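A look at the structure
Residues per chain, in single letters:
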Amino acid sequence: MDKWDAIRRDALEEGHGLSLPAAGIDLLLGPPNAGKLGEIVAWAAAHRPRSPVLVVPSRADVTSLTAELVGRLGAIVGSRPVMTMDELAEDIVGERRAAAGDLEQLILVKHLLAELKLEAVGEVAGFPGTAAAVLGVFRELADSGYETAEIGSLLAAGANRESGSIAGDMGRIWDAYQAHLAEVGLVDRTDSLRAAVSAIPGWSRPVGFYGFLSFTSGQRSLLAELAGHVPVLIALSYEKGRLGAHGLDAEVAWWQERAIRVRTLPPQDGVFEAPDLAALERGFMRGSVDSAGSASASRTGEDWLGEETGVRFLLAASRQGEAEQVAREILRLLGEGYAPDDIAVLVRRLGPWRRTLGHALRACGVPHRMDARVRLAQTGLGQSLTSALTALTTREVEPLISYLRGPYCSVPIEQVDAFEIDRAAEIRASGEACMQLLKETFPGSVDRLETAFGKKGSGELGLDPGNLQQLAWEMVVSGTRGEDGTGALNEEDLQAYSVVVKSCDQLSRISTAGWDGELLSAEDTLELMGNLPVWLGRGDERGVVRIMSVARARARRFPVVFMMGLVDGEFPLRQSPPVLLDEGERRGLNLRAGADLLPEARTGEDVALFHHALSRPLNLLYLSARDSGDSGEEAVLSPFWKEARATLGGARIWRSRGLDQVVDTPDRALTRREYLRGCVLHGEEPPAEEDRDLLNTKVGMFRAVAPKESAAVRAAISRRTTFSAGELETYHQCPFRWFVERGLRVQDMDPSSMPLLRGSLLHAVLEQVYGHLIETGSFPLDGSGRMAAEEEVSRALHHHLGRMGLAMGAGQRRLLEREVRRMVGGLLDRETANASDFTPAATEHSLPEDGVKVAEGIRLRGRIDRIDLSQTGEEAFVVDYKTGRPTRQKKLAEAGSLQLILYVLALRGERPEVNTVGGAYLHLRFGEVRGLAPHDLLGGLSPGLSGLKGRGEDEVEAEIEQGLEAAKKAVDGMKAGRIAAEPLGECPRFCDWGPLCRSKRGA
Ligand code: SF4
C-alpha cells in the first residue's frame, strides 16, 4: 500500500486540504436516497475551475443528471460535464482509433472457430451462438484489467490439462483474434479502457462516479490510475448490514483501502412522500413494521381510491392479465393528472414483457418507450431481411413465401395466396424447380433480394454492403403499410435499420481491407448479423412512460414506479448457466491462473436489486404479481412480493384480476379489445357493423361461460337423462376435457381453423349430395348418376363455401374446396364400382330432441351421418364420416370411440322393427374404413365401405356391449361430479387443455 500512502501524504503536503485534494479518492457511502446526489453536485461545484466531469452508467442517466446539474447550479460551462464510462475512456485517449465493430468481431471469431484446432470448444464450434458466446467471454476478459498479452498467458496457465480445456481453447482463439486485429490495424473496442489507463497522465479534469453499484476489474484499474493524477469522487449505494449489501462488502473494502477520505451518509427521513414507502424501504426483510406500515393492512382498493401515495399490491392471472391491469392503472393515473414522464415500469428482464406489455399499453393509448436491447433477428425488419436472404442461399421456399406475405414486401397478399394454392404440390416438394417458379412468379421481388449478394475476392458468394443497405431501407419504407396503416416510420424498424447500416459499413471495411475472401459465407454472415444487438430506445425520451429493467433504473427516481413480474423464477431470476465456462469452470480457471480473469456469480444480487428498486419511487409504488401463466398453468408468487406485504403488516391486495375477471362487462371496458371480449362473454351484440364482423371472424376468440355455483351445477347434471353421443365419448376419453368443453363450454371459436372448416364443409356437402342422390333414386350409382352427383358436388361446394365466406381468406377457400372435392369424389368413385344389397337411405338423420333410450337413465340425442338399408328394408347399417386419422386399436371402446356404437344402439331403440347390424367410420381423408360388421354381410354393404374388415356376430355384439358399459360409466361419473384429468391413453395432440388440467401432457 505504499503507493496509496504516498498519494495521501502528497495530497496533504501540497496544502490542498482534505476537502479539495489535488488527487486521490474521496469515497462517499450511504443507502439510497441518503443525499449522495446533493454531495456530488456540491463536489462538482467546488471543483468547477478544473472543469469536473461526472460519470454515470447509461445515456439516460447522462440526460437526467445533466438536467439535475442545470437545475441546481444554473448554466454549466465546459465540454460534456456528464458522460458514460465509454465516453470517459474515449475522452481520456483523446483520439478515435479504428475499433472493430460488433459484426467484424463476430465474423473474425466465427472464422477462427472454424480454422483453429480446438479441443473442448471444437465440439460446439459450428453451433449458432458459439461465436457470440466466445466474444462475450472475451469482453469479460478485457474487463479484467490485464494487458492483452497477459490475458493470453494467464489463460494458458489456467488451462486444465486433465479434463480437456475450454480455457486452453479460449487462449488459442484470444491470441489469434488479437493478432488478426493488429494485422488489419483495428483495435477491439474493449481495449479502450486499457488505452485510457495509458493516456491518463495527459488528463486533468476531476472525475466523479455516480449511480454504479460496483465496477469491473478494468474499470477499477482506470479509476485507481485516475486517482493518482486528479481528484476522484466515488459515490456508492451501500449501507453496512443492509439487505444484499454483503455482495458489495468486498467492493467497498477495496475502495476504502485506497481512499484518502471515506464519508458515510446516514439514512434520511422524509425522502418519500408516503409513510408506507419509507416503511417498506427500511423494513424490508427485517420484520414487519407496526407504525406507518401497518396502515396498509386493513385497507382494500376502494379505501385507497383518491390517494396517490403508498404501496399498492396488484395480483393478476396470466402475464397478459398483469400487463392489462397495469396498463389500465397507468391510464387511470394519467387521467388523475400524472404525466407519462412521471411513471416508470420496471421488470427484471424486458424480453418476456416486450410484446405483451407493448400491446397492452398501445391498446390503452399510453405513450411509452422501451429501454431494451434485443437481437436484430428479433425485430420485424431484422427477421424478415435475414431469413429471406438466408433462404435464397439455402434454396428454401417457405421463408421466402413468408417474406412475400409480410409487410416488408410490396407484393399483394392475394397474389401470394393464389401462388400457394395453385402450386401447393411444388411448394411441398420445395427444391430448385420451386425456387425457379417463385422467381418467375414474383420476378421483381426475388430479383431485388438477390441484388444483396455479390462475389467476394475469393469468388464465393458474399453480401454486397451497398445493395444490402438499400434493400433494408426499401423494406423499412414498405413496412410503413404495417399494423397501424398510418404510413409512419416504425421506431423499432429504424433502430434495426441503423444496425444494418453499421453492419454494412463494417462489411465494406472488411472488403476494402481484402480479408473477406478468406472469411465467411453469406449464410454465416447473415446468421451473425441476426445476433447483433439493437437498442429499442435511448431511455431519455420525453413525454412517455418508460419501461426498463430494474438494473437500468439504478440512478433514477420517478414519482410512480410499477414493479412487474414478481413471480418466482422471474424476480428473483432463475439464472441459466453461462453457455461457455460455468461457475465451477470460472472458479477453477481463476484459481489455476492465480488471477481474477473472469467474474464469478455474486450471491444475493436479486435481493439487492429489488431492495434498490424499492427506493426508486417518490410517492407511489405498485408491486404486481401473477398466480398463473397465460395458459392457466400455475405461477408461484415471488418471495419478494410476499415479504413486502408481510413487511407492511400483511397489506391487502389493492386490485386483483383473477381468471374470472379477465373479461369485464362491455360497459366497463377501457379498450376496444376488452369491449369485444366483454360482448362475447355477455352475449351482447356490438352496435357497430365493423365490430360485429370482427367478432364473427376473429381468430382465436374463446367463449367461456363458467358455472356460477358448483352445487347447482352438480344438481343440474344429476337430473339429466339425455346425452349426446359426442359428450359421452369425450368423457370416456378424458373427464376433465369433457368438463372444460361441455361443462364450462370453453371452446375454440376460431372459425378459420382448417380442421374445423374441413369437417363442417365435408358434412354439409355430403348431406346435400347424398340427400339429392337418395331423393332421385340414384343408388346403386351408375356412370350417369356419378356425373349428376359431380354437378351436385359443385353446387353444394359453391353454396356452403359462400355461407362460410367470412370465416376464411381466398387462399384458404380454394384449398378447402379442393380437399373436400377430392374426398367426396373418391367416395363417389367407390360407390360407382358395383351394385350392392345395402344402399344409402337417409343422411344426417336427427334423433328425437328428448333422445332415444339406450339403457336405464340414458337417452341419446344427436345426428347420424348416414343410414344404409338393405333391399328388403329389414336391415340397417350406420355410417359415420370422419376427417381424422383412424386408430390402429382393434376395439372401438378401448380406442376411445363410442359414437358409432351409441348410434347403432340409438337406431335399434328408435327403429326396433329394423335389424341394425353394425356400423362403420369412413375416414375420408385417408381412404380407410373401420367399424363393426358381421362377416356374412360384408359383401352386401355399400361399395363405398370396401376395405371394412368383418367380424363374428358375437364379437360385434360383445363390442357393442362394451361400448354401452363405457357410456354408463361415463354417465355415472358425470353425475357424481368426477372430472379428474385421467385420459384414456395418451393425451391427444389436439387437446389444448394441458395447462388447465396442470398435466404436461397435451400442453
Ligand atoms: S391434456 Fe390430457 S388430461 Fe388434460 S384435458 Fe386434455 S386429454 Fe385430459
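Reading the values: the criteria
Residues numbered from 1 in each chain as written. Predicted model: local features only at pLDDT ≥ 70, side-chain atom pairs only at ≥ 80, totals over all residues. Heavy atoms only, no water. Helix = DSSP H or I, 4+ residues; strand = E, 2+ residues; numbered from the N terminus. Buried < 20%, exposed > 50% of the residue type's maximum accessible area, 1.4 Å probe, protein only. Contact = heavy atoms within 4.5 Å. Areas by Shrake-Rupley, 256 points an atom, 1.4 Å probe, with all protein chains shown as cover. Phe/Tyr/Trp six-rings, centres within 6.5 Å; stacked < 30°, edge-to-face > 60°. Pairing = 2+ DSSP bridges. Axes fitted to C-alpha atoms, helices over the stretch in contact; angles between N-to-C directions. Core = buried A, V, L, I, M, F, W, Y, C linked by side-chain atoms within 4.5 Å. Patch = residues over 30% accessible without salt bridge, like charges linked within 9 Å, V, L, I, M, F, W, Y side chains within 5 Å. Salt bridge = Lys/Arg side-chain N within 4 Å of Asp/Glu carboxyl O. Parallel < 35°, antiparallel > 145°, perpendicular 65-115°, else oblique. Nonpolar A, V, L, I, M, F, W, Y, C, P; charged D, E, K, R; others polar. Arc of directions from axis to C-beta. Lys, Arg positive; Asp, Glu negative; His and termini not counted. Polar contact = N/O pair within 3.5 Å; in protein donor to acceptor, adjacent residues only side chain to side chain. pLDDT = per-residue confidence, 0-100.

Right, let's talk about the overall build of the chain for a bit. A tally of regular secondary structure across the chain gives 37 helices and 29 strands. Within the chain, buried positions represent 50% of all 1003 residues. For the chain, contacts bridging at least 24 residues in sequence account for 76% of all contacts bridging at least 6. Of the accessible surface of the chain, which amounts to about 44,000 Å², a share of 50% is contributed by carbon and sulfur atoms.

Think of a pair of aromatic rings as described by two things: how far the centres are apart, and how the planes are tilted against each other in angle. This structure, assessed with the given rule, holds 19 aromatic pairs. With centroids separated by 5.2 Å and ring planes inclined at 50°, the aromatic side chains of Phe138 and Tyr177 adopt a geometry described as tilted. Within this pair, whereas Phe138 is found in helix H6 (residues 130-142), its partner Tyr177 is found in helix H8 (residues 166-183), the two being separated by 39 residues in sequence. Here the two residues Phe138 and Tyr177 agree in accessibility, since each one is buried. Between Phe209 and Phe215, the aromatic rings sit 6.1 Å apart at their centres with planes inclined by 85°, giving edge-to-face as the arrangement.

A word on the sheet that holds strand S28 (residues 915-923). Spatially, 5 strands are ordered S23-S26-S27-S28-S29 in an open sheet, and the strand pairing comes out mixed. Only two strands of the sheet have a single neighbouring strand rather than two, namely strand S23 (839-846) and strand S29 (928-932). With strand direction ignored, the average angle separating the axes of adjacent strands in the sheet is 30°. Note: S23 against strand S26 (residues 863-869), 6 bridges, orientation antiparallel. If you follow Ser846 over to S26, its bridge partner there is Arg863.

Residues Phe138 and Phe562 are the most contacted members of the largest nonpolar core, which totals 113 residues. Here the element with the most residues in this core is helix H23 (residues 491-513); it accounts for 8 residues. The residues touching Phe138, leaving out its near neighbours within four places in the chain, are Val109, Met170, Ile173, Trp174 and Tyr177. Residues Leu860, Ile901, Val956 and Leu964 belong to the second largest nonpolar core, which totals 39 residues.

Before going further, it helps to spend a moment on the sheet that holds strand S17 (residues 558-563). Pairing is parallel across the open sheet formed by 7 strands, whose spatial order is S11-S16-S10-S17-S18-S9-S19. Both outer strands of the open sheet, strand S11 (368-371) and strand S19 (655-657), are each paired with one neighbouring strand and no more. The mean inter-strand angle of the sheet, taken between neighbouring strand axes irrespective of direction, is 20°. Alignment of S17 against strand S18 (residues 617-626), held across 5 bridges, turns out to be parallel. By the bridge assignment, Phe558 is partnered in S18 with Pro617.

On to a nonpolar patch on the surface, then. On the surface, a cluster of nonpolar side chains totalling about 220 Å² of accessible area is made up of Trp473, Val477 and Leu494. Note that Leu494 resides in helix H23. On the basis of relative accessibility, which here comes to 32%, the residue Leu494 falls in the partly exposed class.

Our next topic: unusual backbone geometry. Residue Pro572 is reached from Phe571 by a cis peptide bond, and omega for that bond is 10°. Here Pro572 lies in the loop between S17 and helix H25 (583-593). In this model, Phe779 is joined to Pro780 through a cis peptide bond whose omega is -5°. Counting through the fold element by element, Pro780 comes out in the loop between helix H33 (754-775) and helix H34 (783-803). One non-glycine residue with positive phi stands out, namely Ser51, at about 55°. With respect to the helices, strands and loops of the structure, Ser51 is situated in the loop between helix H2 (36-46) and strand S2 (53-56). In this structure, Glu844 is a non-glycine residue whose phi angle is positive, near 45°.

All chains considered together, the criterion is met by 49 salt bridges. Two residues, Glu104 and Arg509, come together in a salt bridge whose shortest N-O distance is 2.5 Å. With Glu104 in helix H5 (residues 102-115) and Arg509 in helix H23, this pair connects stretches of sequence that are 405 residues apart. A relative accessible area of 34% places Arg509 in the partly exposed class. Note that Glu965 and Lys968 form a salt bridge whose closest N and O atoms lie 3.3 Å from each other. Of the two residues, Glu965 and Lys968 are both situated in helix H37 (residues 953-975); the distance of 3 residues between them amounts to about one turn of the helix. Owing to a relative accessible area of 31%, Lys968 belongs among the partly exposed residues under this scheme.

This brings us to the packing of H6 against H8. Closest axis-to-axis distance for the H6/H8 pair is 11 Å, and the angle between their directions is 80°. By the angle between their axes, H6 is roughly perpendicular relative to H8. Contact residues: H6 offers Val134, Leu135, Val137, Phe138 and Leu141, while H8 offers Met170, Ile173, Trp174 and Tyr177. Across the contact of H6 with H8, the residue classes break down as 9 nonpolar, no polar and no charged.

Moving on to helix H21 (residues 443-450). Turning to H21, its buried residues are Ser445, Val446 and Leu449. For H21, the buried positions fall inside an angular range of 90° around the axis, keeping them on one side. Summarising the contacts, the buried residues of H21 are in contact with helix H16 (380-394), helix H17 (398-405), helix H20 (431-441), strand S13 (453-455) and helix H22 (465-478).

Structurally, the position occupied by Ser628 is in the loop between S18 and helix H27 (639-647). Along the chain, Ser628 and Gly321 lie 307 residues apart, while their C-alpha atoms are 9.6 Å from each other. Other than its neighbours up to four places away in sequence, Ser628 contacts Ala316, Ala317, Ser318, Arg319, Glu633, Glu634 and Ala635.

Helix packing for two helices is described by the angle between their axes and how far apart those axes are. Across the interface, helix H7 (residues 148-158) lies against H25 with an axial gap of 7 Å and an inter-helix angle of 105°. Relative to H25, H7 is oriented roughly perpendicular. Residue-level inspection shows Leu154, Leu155, Ala157 and Gly158 of H7 in contact with H25, the latter providing Leu589, Arg592 and Ala593. Looking at the contact of H7 with H25, its residues break down into 5 nonpolar, 1 polar and 1 charged.

Attention shifts here to the side chain of Asp493. Secondary-structure assignment places Asp493 in helix H23. Look at Asp493: it is buried, it has no salt bridge, and the nearest opposite charge is Arg355 at 8.8 Å. One polar contact links Asp493 to Tyr408, side chain to side chain, over a distance of 2.9 Å. Asp493 has contacts with Leu381, Tyr408 and Val476, leaving out every residue within four places of it along the chain.

Scored by pLDDT, the chain comes out at a mean of 81, with 84% of its residues at no less than 70. The model gives residues 483-487 a pLDDT under 50, and that stretch makes 3 contacts with residues more than four places away or in other chains. Ignoring residues within four places in sequence, the model shows residues 697-709, a span with pLDDT below 50, making 35 contacts including any to other chains.

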